[in-house]
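# Working through the structure, step by step
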Amino acid sequence: MTDILELMQSRDPGEREFHQAVEEVVDSIKPVLDRNPEYRRAAVLERIVEPERIILFRAPWTDDQGQVHVNRGYRVEMNSAIGPYKGGLRFHPSVNLSILKFLAFEQVFKNALTTLPMGGGKGGSDFDPKGKSDNEVMRFCQSFMMELFRYIGPNTDVPAGDIGVGAREIGFLFGMYKKIRNEFTGVLTGKSLNWGGSLIRPEATGYGNVYFASEMLATREKTLENKICLVSGSGNVAQFTTEKILQLGGKVVTLSDSSGYIYDEEGVDTEKLEFVKRLKNVRRGRIKEYVEKYPDTHYADVDPSLDYNPLWDRKADCAFPCATQNEINEKDAMHLMKNEVNLVSEGANMPSTHQAVDIFLDHKILYGPGKAANAGGVAVSGLEMAQNSMRLNWPREEVDNRLKTIMKQIHQTCCDVAVDFGEPGNYVVGANIAGFVKVVDAMLDQGVV
Ligand code: NDP
Ligand code: 2IT
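Residues numbered from 1 in each chain as written. Chains lettered and ligands numbered in written order. Predicted model: local features only at pLDDT ≥ 70, side-chain atom pairs only at ≥ 80, totals over all residues. Heavy atoms only, no water.

## Digging into unusual backbone geometry
Excluding glycine, residues mostly have negative phi values, and the peptide bonds linking residues are mostly trans. Counted only if it meets this: What counts as a helix is a DSSP run of H or I of at least four residues, what counts as a strand is a run of E of at least two, and both are numbered from the N terminus.
The phi dihedral of Glu-221 falls on the positive side, at around 55°, and the residue is not glycine. Backbone geometry at Met-350 places phi at a positive 50°, although glycine is not the residue there. Along the chain, the position of Met-350 falls in the loop between strand E11 (343-345) and helix H13 (354-362).

## Here's the deal with the environment of Asp-301
Spelled out, the test is: Any two residues having at least one pair of non-hydrogen atoms within 4.5 Å are treated as being in contact. What qualifies as a polar contact is a pair of N or O atoms within 3.5 Å, subject to a donor-acceptor requirement within protein and to the restriction that residues adjacent in sequence count only when both atoms come from side chains.
Within the secondary structure, Asp-301 is located in strand E9 (residues 298-301). In this structure the C-alpha to C-alpha distance between Asp-301 and Ser-256, which are 45 residues apart in sequence, comes to 9.6 Å. Among residues more than four places away in sequence, those in contact with Asp-301 are Ser-259, Gly-260 and Lys-288. Reaching out from Asp-301, the side chain makes a polar contact with the side chain of Tyr-299 at a distance of 2.7 Å.

## Examining the packing of aromatic side chains
We apply this condition: Aromatic rings from Phe, Tyr and Trp, taking only the six-membered ring of Trp, are treated as a pair when their centres fall within 6.5 Å; an angle between ring planes under 30 degrees marks them as stacked, one over 60 as edge-to-face, and anything in between as tilted. Charge-over-ring contacts are defined here by two conditions on Lys NZ or Arg CZ: a distance within 6 Å of the ring centre and an angle within 35 degrees of the ring normal.
Applying the stated criterion across every chain yields a total of 19 aromatic pairs. One aromatic cluster in this structure is built from Phe-57, Trp-61, Phe-91, Phe-127, Phe-140 and Phe-144. Geometry around Phe-421 places Arg-35 over its ring, the cationic atom sitting 3.9 Å from the centre. Between the NZ or CZ atom of Lys-272 and the centre of the ring of Tyr-294, over which it lies, the distance is 5.5 Å.

## Remarks on the environment of Ala-319
Mapping Ala-319 onto the fold places it in strand E10 (residues 318-320). Ala-319 sits 89 residues away from Leu-230 along the chain, and the two C-alpha atoms are 4.7 Å apart. In this structure, Ala-319 is in contact with Leu-230, Trp-312, Leu-336, Val-341, Leu-343, Val-344 and Ser-345, ignoring residues within four places of it in sequence.

## Comments concerning the sheet that holds strand E6 (residues 228-231)
Cut-off, in case you're wondering: DSSP-based pairing: two strands are paired if at least 2 bridges between them are found. As a rule, the C-alpha atoms of each element are fitted with a line to give its axis, helices using only the stretch in contact, and angles between N-to-C directions run from 0 to 180 degrees.
If you walk across this open sheet you meet the seven strands as E9-E8-E7-E6-E10-E11-E12, and the pairing is mixed. The open sheet has two free edges, formed respectively by E9 and strand E12 (366-368), since each of these has just one partner strand. Across the sheet, the axes of successive neighbouring strands diverge by a mean angle of 15°, strand direction being ignored. Where strand E7 (residues 251-257) meets strand E8 (residues 260-263), four bridges bridge the pair, whose relative direction is antiparallel. Considered in E8, the bridge of Thr-254 is made with Tyr-263.

## Some details on the site of ligand 1
Rule in force here: Here a residue is considered near a molecule or strand provided that any single heavy atom belonging to it is located within 4 Å of it. The Shrake-Rupley method, run with a 1.4 Å probe, gives the accessible areas here. Residue values count only the displayed protein chains as cover. Amino acids outside the nonpolar list (Ala, Val, Leu, Ile, Met, Phe, Trp, Tyr, Cys, Pro) and the charged list (Asp, Glu, Lys, Arg) are all regarded as polar, and Gly is one of them.
Near ligand 1, the surroundings consist of 26 residues, among which Asp-162, Thr-205, Ser-258, Arg-286 and Asn-349 are the closest. Ala-323 is positioned such that a nitrogen or oxygen atom in its backbone is 3.4 Å from an oxygen atom of ligand 1. Residue Asn-349 places a side-chain N or O atom 2.8 Å away from an oxygen atom belonging to ligand 1. Protein coverage of the free-state accessible area of ligand 1, which is 890 Å², stands at 83%. Of all elements in the fold, only helix H8 (201-218), helix H9 (236-247) and E7 reach the threshold of two or more residues within the shell around ligand 1. Residues that form the shell around ligand 1 fall into these classes: five nonpolar, 13 polar and eight charged.

## Section: the pattern of salt bridges
To keep things clear, this is the line we draw: Just to be clear on terms, a salt bridge is a Lys or Arg side-chain nitrogen sitting within 4 Å of an Asp or Glu carboxyl oxygen. For each residue, the accessible area found with a 1.4 Å probe, counting protein chains only, is set against the maximum for its type, and the residue is called buried under 20%, exposed over 50%, and partly exposed in between.
Applying the stated criterion to the full structure yields 29 salt bridges. Here Glu-274 makes a salt bridge to Lys-277, at a shortest N to O gap of 3.5 Å. Highlighted residues: Glu-274 and Lys-277, both in helix H10 (residues 270-282), separated by three residues, approximately one helical turn. Accessibility expressed as a relative area gives 13% for Lys-277, which makes it buried.

## Details of a negative patch on the surface
Counted only if it meets this: Patches were defined on residues exceeding 30% relative accessible area and lacking a salt bridge, with like-charge contacts within 9 Å and nonpolar side-chain contacts (Val, Leu, Ile, Met, Phe, Trp, Tyr) within 5 Å. Under the convention used here, Asp and Glu are negative, Lys and Arg are positive, and both His and the chain ends fall outside the count. Charge coordinates come from a single atom per side chain, which is NZ of Lys, CZ of Arg, CG of Asp or CD of Glu.
A surface patch of negative charge is lined by Glu-23, Asp-27, Glu-330, Asp-358 and Asp-362. Secondary-structure elements contributing two or more residues to the negative patch are helix H2 (16-35) and H13. By the element assignment, Glu-23 lies in helix H2. For Glu-23, a relative accessible area of 33% gives the class partly exposed.

## As for the sheet that holds strand E5 (residues 157-160)
Taken together, five strands build an open sheet; the order of strands is E1-E2-E4-E3-E5 and the sheet is mixed. Two strands bound the open sheet, and with one partner strand each, they are strand E1 (53-62) and E5. On average, each strand axis in the sheet is tilted by 20° relative to the strand beside it, whichever way the strands run. Here strand E2 (residues 68-79) runs beside strand E4 (residues 120-125); their pairing, made up of six bridges, is antiparallel. Residue pairing in the sheet places Gly-73 in a bridge with Ser-125 of E4.

## Overview of the nonpolar core
Heads up, the rule is: In this description, a nonpolar core means a group of buried Ala, Val, Leu, Ile, Met, Phe, Trp, Tyr and Cys residues linked to one another through side-chain atoms lying within 4.5 Å.
Membership of the largest hydrophobic core comes to 98 residues, with the highest contact counts inside it found for Ile-48, Phe-105, Phe-320, Ile-410 and Phe-436. Not counting chain neighbours up to four residues away, the residues in contact with Ile-410 comprise Leu-113, Thr-114, Phe-212, Ala-372 and Ala-375. In terms of nonpolar packing, the next biggest core, distinct from the first, is built from 23 residues, Phe-57, Ala-59, Phe-144 and Leu-148 among them.

Structure representation (structure tokens):
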């Protein structure tokens, strides 16, 4: 078991996030390997941690002053055992191979859980859209697609959004793909409504996260009604997590961005949320402006001298990390436990460190790992692909109902598998094992390829 981790360490030292994601899965699936000796003979573990293909390319672009810049473009095509590679693109200065491999690896299991036929992939660039003009972002997206188009297609690899890639970027990327290939196909998801997008896709990750949380609460005969909730981030996932919590009667008291966080004791209501959406999606401003607009609230800059995030030390019942990886460390987790937070549902990918996860599991709180709790986004991407193939659009209620059903199914699968492996209530074990078995069984059926 540790062999695989040692092998990875020696082959690719320094891929910290990727090793972290693999270690968590490997920890969970040991009993499955014990039950199925053929898995070891077929080296499924060794195969599943090795991307089927990695594409790495130069993405040069010219800024508004005429200066040329060079960024790196990536696509990690991780696993296609159960469908075309599927997963988002991230544009953020921190992007590197380790982060994209961890995201692609998580995506394989997440996509398997959705019940839809999608393999796993992830890509992106170290390009930073912050502070760039629309024209600069367009030129970068065009340059990125001029290379990526060779490797993707509606039956091969279907990218979507992630951090720094939203409707604007998907539009520019799609426009260039269509021009080069001279075809109008569902090669990207997260498209705008009037040119092939699906209703509910923008809302899907956040809504799905809250549907999953509600399912977890229902196992203890609880609901979100009157629950105080901590949400981090203020982008796509945070906004629609907040929106659904409000619809279900909960109260959201925090939001954040990479500069700092706000605390609003009265709660972020619908009007304030609309302000945040305009601030972040249209004006592309900072969350700090929230306190200028609503002066009775509190803002604190990120304090690099602290080894914890004060957002997670606010009094609450539930926590929804929706910003980025490793945003909840051991100390943050201890703060959450001290304040008797009894639900953590991950909108972001791998937002909790290994130590934080162990603390949640030790305290037996309701802990929904990202690959289960945030699967609603890619699930509706799968529904967007289905609608594109049929060349029709489903109404809002239909997509939302399908999303709810999928989140319910994922929850049930996690619970059933956890019970089967003697760990009732452990969604980490449930999600990892269910996703793993589905993918490796398909790999075994398809031979050594
Ligand atoms: P957005 O770009 O819309 O928003 C990201 C938010 O997180 C922003 O508020 C951003 O702040 C903050 N953030 C990003 N990086 C950091 C950092 N290093 N430190 C602190 N804050 C940071 O992205 P999404 O909402 O789409 O993605 C959020 C998370 O959800 C990611 O982990 C993503 O992988 C995951 N996810 C997204 C899905 C989707 O459908 N979009 C689906 C499933 C998971 P700032 O504005 O300052 O950059
Ligand atoms: O992490 C994720 O699941 C996403 N960023 C969404 C991927 C997708 O293909 O919709």
